[in-house]
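Coordinate inspection notes
Here is what each chain is made of, one letter per residue.
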Amino acid sequence: MNSSNNANNYPLLASPHVQLYGTVDDAMYASFKDQVAAAPAEGPLIFSITTLGGDPEMARAMGDTVRLLREYTGRETLFLGKVAVYSAGATFMSAFPVDKRFLTRGSRLMIHERLMNSTIQLSGPLNTLAPVLLAKLNEIQDSIRIQDEGFAALVEGSRVTLEELKAKAPSNWYVEAEEARELGLVLDLI
């Protein structure tokens, strides 16, 4: 499908109710909450984002709000990614069903594994050291479970398998808008 004039097919996307840009962090979450509160009480809600990434937990929190809105009110929620939907932006996108996701032409997704930077300091009696290591291992294992849940939501309903995504994610998978549409990660481009 030629997307050069495709915007006419999706007039609601012209004026998103919630427009997010910049780093996904506490400030974006606060802006998100304010914009959702100020949005119309009826009809579809349109969310747009442009981000190079940030805090995946803030993205998950925003996504959970979208899911709860959809489940409790039955309202349609649409996602529009603009220019860059990287990292935590893709995590936010995963909260929307694939048939409710759109990208602007020329946009890119970037999907990668969660990152962790940590130093473990071992000091003290030997019997106190194993619990420190076990606590860090538990943190890593739970983070992997959370990551895999997000990956599964991102590819659900698309032509990308979870195994394919997990194979590409360690090396930062960049997906151009056209490819995202071909793979069924988004419904269409505008």
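Rules used throughout
- Residues numbered from 1 in each chain as written.
- Predicted model: local features only at pLDDT ≥ 70, side-chain atom pairs only at ≥ 80, totals over all residues.
- Heavy atoms only, no water.
- Helix = DSSP H or I, 4+ residues; strand = E, 2+ residues; numbered from the N terminus.
- Buried < 20%, exposed > 50% of the residue type's maximum accessible area, 1.4 Å probe, protein only.
- Areas by Shrake-Rupley, 256 points an atom, 1.4 Å probe, with all protein chains shown as cover.
- Contact = heavy atoms within 4.5 Å.
- Polar contact = N/O pair within 3.5 Å; in protein donor to acceptor, adjacent residues only side chain to side chain.
- Patch = residues over 30% accessible without salt bridge, like charges linked within 9 Å, V, L, I, M, F, W, Y side chains within 5 Å.
- Salt bridge = Lys/Arg side-chain N within 4 Å of Asp/Glu carboxyl O.

A few words now on the overall build of the protein chain. A count of helices and strands for the protein chain gives 6 helices and 7 strands. Secondary structure elements in the protein chain, listed N-terminal to C-terminal, are β-α-β-α-β-α-β-β-α-α-β-α-β. With the C-alpha coordinates of the protein chain rotated into their principal frame, the extents come out at 70 × 35 × 25 Å. Residue burial in the protein chain is summarised as follows: out of 190 residues, 40% are buried. When the accessible surface of the protein chain is totalled, it reaches about 10400 Å², and 54% of it is carbon and sulfur.

It is worth spelling out unusual backbone geometry at this point. Backbone geometry at V83 places phi at a positive 65°, although glycine is not the residue there. The residue V83 is located in strand β3 (residues 77–86) in this model. Positive phi, close to 60°, is recorded for N172, a residue that is not glycine.

With that settled, the discussion passes to the environment of R159. Tracing the chain through its elements places R159 in the loop between α4 (126–155) and α5 (162–168). Judged by relative accessible area, which is 57%, R159 ranks as exposed. Through-space distance from the C-alpha of R159 to that of G184 is 5.6 Å; in sequence the pair is 25 residues apart. For R159, the residues in contact, after removing those within four places along its chain, are E164, R181, E182, L183 and G184. Polar side-chain contacts of R159 include one of 2.3 Å to the backbone oxygen of E182.

Bringing a nonpolar patch on the surface into the picture now. Nonpolar side chains collect at one region of the surface, where I120, L122, V132 and L133 lie side by side and expose about 300 Å² of accessible area between them. Look at L133 and you get partly exposed, because its relative accessible area is 40%.

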